[in-house]
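Listed below, chain by chain, are the residues.
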Amino acid sequence: MLNSLRGSKVKGWSGPWKMAAYEAAFRVFCRHRQGAKPNILLHCTRRTGSTWLMNTVCAHPGMRSEGRPFMTALYTRHKKRIPDLAKAAGYSGDHKFACMVHFDGDDERRFREFAGEVVSGRTVVYPMLRFWEPYFQRKTDRVVYQMTTTTAMAEWFSDNFPCQNVVLLRHPITSSLSTLAAKWQVHCWDFLDHRWFVETHLTGEQVELSRRIMESGSPLEQHVLDWTLKMLVPIRALASGRHPDWLVVTYERIVREPDAVLQELSRQLDLPDIEAMRSQVKRPSRTVTKTSSDKVDDPEYILNRWRKKIDTEQERQLMAILEAFEIDTYRVGEAEPHLAARS
């Protein structure tokens, strides 16, 4: 059974069966006993180095990971515990929502009960069972979660659960080029058709721009918009100063200064075994592309290769999307962010 799980994905009709197999294998072959240290929520978008960072943290003794638990829950036996996403959005059309953006009233209480079970480690949704990987451990007492479809609820999670929160950022153009190459769909309508999100976080001009991009913009523009809408709440929350306990990690800094990042992870997340993590951070994640797998030790190549595909004018047009939402974390002509990891 373990070999059959290797490389499987949540996809199509087989999703629930595969996830049931994951859960069964986890309960048979692994043992998790939640310890006193709080679990870790990694708020991020897709193709931002989150798997790499998660694997690095999981190399620390006692750690395990769950990849995209709330996205995965929609395809498992747990799906009935998640409130109807279209109803929560105040939407009555045909669009199928994938991102959890906001819940009110009974829906909020219902989701809080389920989310609490997940992030406390009591309910297992999608445990990473990579027995053949050096970072994998069968006996664990702490979990790191990959939170890719709940970024708009980052503050809600922080307010409701005793977890440690990490925000992972990567340049929107390079991550968007990667998601586009992977042929992954955007989730922009999950936000633009969500009444609460629009009324709470967007201006009329921002809504108009977003809808115009979705109706007639290029696929790359749509993916940059996707990055913008997903990271809008975490970036604004960081800028507000309300969450001094949140740790900010950037993909660019991991590439350039891995040891400095490991020191911050160790200090702020109470992960004392830096050497265990150092051995893993040197390994590319399983999601690294073939074109870059042999150049992981070349920071300049890794951080600037996208400029061979995007000229200066295209870069300005794409970054104008972020500017329209008053995001200046990444700027035209600069590969690295201005919102650096904090100590």
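Placed above this text is the structure.
Read on for a plain summary of the structure. Just so we're clear, the structure is a prediction, and the values are computed from it rather than from any experiment. (Residues numbered from 1 in each chain as written. Predicted model: local features only at pLDDT ≥ 70, side-chain atom pairs only at ≥ 80, totals over all residues. Heavy atoms only, no water.)

**Structural notes on the overall build of the chain**
Rule in force here: Note on conventions: DSSP H or I runs of at least 4 residues are helices, E runs of at least 2 residues are strands, and numbering of each starts at the N terminus. Using C-alpha atoms as the atom set, the radius of gyration is obtained and then compared with a globule rule of 2.2 Å times the number of residues to the power 0.38. When checking whether two residues touch, look at their non-hydrogen atoms; a contact exists if any pair is within 4.5 Å.
Helices and strands together make up the secondary structure of the chain, namely 17 helices and seven strands. In summary, the chain has a C-alpha radius of gyration of 19 Å against a globular reference of 20 Å for 343 residues, a match within 12%. If you line up the chain on its principal axes, its C-alpha atoms span 50 × 50 × 40 Å. Within the chain, counting contacts between residues at least 6 apart in sequence, those at least 24 apart form 78% of the total.

**Details of helix 12 (residues 219-240)**
One full turn of an α-helix is made of 3.6 residues, so residues set three or four places apart face in the same direction. Basically, it comes down to this: Working rule for helices: expected span equals 1.5 Å times residues minus one. The bend reported for a residue corresponds to the angle between axes fitted to the seven residues ending at that residue and the seven starting there. Note on classification: 1.4 Å probe, protein chains only; a residue is buried when its accessible area is under 20% of the maximum for its type, exposed when over 50%, partly exposed between these limits.
If you check helix 12, its first and last C-alpha atoms are 32 Å apart, about what 22 residues at 1.5 Å a residue would give, namely 32 Å. The largest bend along helix 12 reaches roughly 50° and is located at Met231, with the proline Pro234 sitting one to four residues downstream. Of all 22 residues making up helix 12, 17 are buried, and the element is well covered by its neighbours. One or two residues past the end of helix 12 sits Gly241, with phi positive at roughly 80°.

**Some words on the pairing of strand 3 (residues 63-67)**
Note the cut-off: DSSP calls a pair of strands paired once it identifies at least 2 bridges connecting them.
Of all the five residues making up strand 3, five are buried; the element is thus mostly covered by neighbouring parts of the structure. Residue alternation in strand 3 divides its side chains into two sets, Met63, Ser65 and Gly67 and Arg64 and Glu66, and both sets are buried. With five bridges joining them, strand 3 and strand 5 (residues 142-147) adopt parallel strand pairing. If you follow Arg64 over to strand 5, its bridge partner there is Val143.

**Examining the pattern of salt bridges**
Put simply, the rule is: The term salt bridge refers to a side-chain nitrogen of Lys or Arg lying within 4 Å of a carboxyl oxygen of Asp or Glu.
On inspection of all chains with the given rule, the structure shows 21 salt bridges. When the shortest N-O distance is used, the salt bridge between Glu23 and Arg27 registers 3.9 Å. Taken as a pair, Glu23 and Arg27 lie in helix 2 (residues 15-29) at a separation of four residues, close to a single helical turn. In the salt-bridge network here, residues are joined through shared partners; they are Glu23, Arg27 and Arg77.

**A few points about the packing of helix 8 (residues 172-181) against helix 12**
Quick reminder of the rule: All axes here are fitted lines through C-alpha atoms, helices being fitted over the stretch that makes contact, and every angle between N-to-C directions spans 0 to 180 degrees. Angles below 35 degrees are treated as roughly parallel, those above 145 as roughly antiparallel, those between 65 and 115 as roughly perpendicular, and all remaining angles as oblique. Each helix crossing is assigned a hand: it is left-handed if the near helix lies turned anticlockwise from the far helix by less than a right angle, otherwise right-handed if that turn is clockwise. Just so you know the grouping, Ala, Val, Leu, Ile, Met, Phe, Trp, Tyr, Cys and Pro go in nonpolar, Asp, Glu, Lys and Arg go in charged, and all remaining residues, Gly too, go in polar.
Their axes nearest at 9 Å, the elements helix 8 and helix 12 cross at an angle of 120°. Looking at the two axes, helix 8 sits oblique to helix 12. Crossing of helix 8 against helix 12: the hand is right-handed. Of the residues in helix 12, those touching helix 8 at Pro172, Ser175, Ser176, Leu177, Thr179 and Leu180 are Pro219, Leu220, His223, Val224 and Trp227. For the contact of helix 8 with helix 12, a count of residues per class yields seven nonpolar, four polar and no charged.

**Examining the side chain of Ser176**
Put simply, the rule is: A 3.5 Å cut-off defines polar contacts: any pair of N or O atoms within that distance qualifies, except that in protein one atom must be a possible hydrogen donor and the other a possible acceptor, and neighbouring residues in sequence count only when both atoms are side-chain atoms.
Its place among the elements puts Ser176 in helix 8. We classify Ser176 as buried; its relative accessible area is 1%. Engagement of the side chain of Ser176 in a polar contact is seen with the backbone nitrogen of Val224, the distance being 3.4 Å.

**Structural notes on the state of the cysteines**
We apply this condition: Disulfide: a pair of cysteine sulfur atoms within 2.5 Å of each other.
This structure, assessed with the given rule, holds zero disulfides. Of all cysteine sulfurs, the one in Cys58 lies closest to Cys30, which takes part in no disulfide; the gap is 12 Å. On the basis of relative accessibility, which here comes to 12%, the residue Cys30 falls in the buried class. Left without a disulfide partner, Cys163 is nearest to the cysteine sulfur of Cys58, which lies 14 Å away. Exposure remark for Cys163: the relative accessible area of 12% places this residue in the buried category.

**Quick word on the side chain of Thr179**
Following the sequence through the fold, Thr179 ends up in helix 8. Those residues in contact with Thr179, other than ones at most four positions away along the chain, are Arg46, Arg47, Trp184 and His223.

**What about the sheet that holds strand 2 (residues 40-43)?**
Pairing is parallel across the open sheet formed by five strands, whose spatial order is 3-5-2-6-7. Of all strands in the sheet, those with a lone pairing partner are strand 3 and strand 7 (247-250), marking the two edges. On average, each strand axis in the sheet is tilted by 25° relative to the strand beside it, whichever way the strands run. Seen against the sheet, helix 3 (residues 50-58) touches strand 2, strand 3, strand 5, strand 6 (164-169) and strand 7 and runs at an angle of roughly 155° to strand 3. Taken strand by strand, helix 14 (residues 258-269) contacts strand 2, strand 5, strand 6 and strand 7, and its axis lies near 160° from that of strand 7.

**Here we look at the pairing of strand 7**
With burial as the criterion, each face of strand 7 is covered, one bearing Leu247 and Val249 and the other bearing Val248 and Thr250. Pairing of strand 6 with strand 7, which is carried by four bridges, proceeds in the parallel orientation. Note that in strand 7 the partner of Val166 across the bridge is Leu247.

**What about the packing of helix 3 against helix 15 (residues 274-281)?**
Look at helix 3 against helix 15: their axes get within 7 Å of each other, and the N-to-C directions meet at 145°. At the point where helix 3 passes helix 15, the crossing takes the right-handed sense. From helix 3, Trp52, Asn55, Thr56 and Val57 reach across to helix 15, where they touch Met277, Gln280 and Val281. Taken together, the residues of the contact of helix 3 with helix 15 sort by class into four nonpolar, three polar and no charged.

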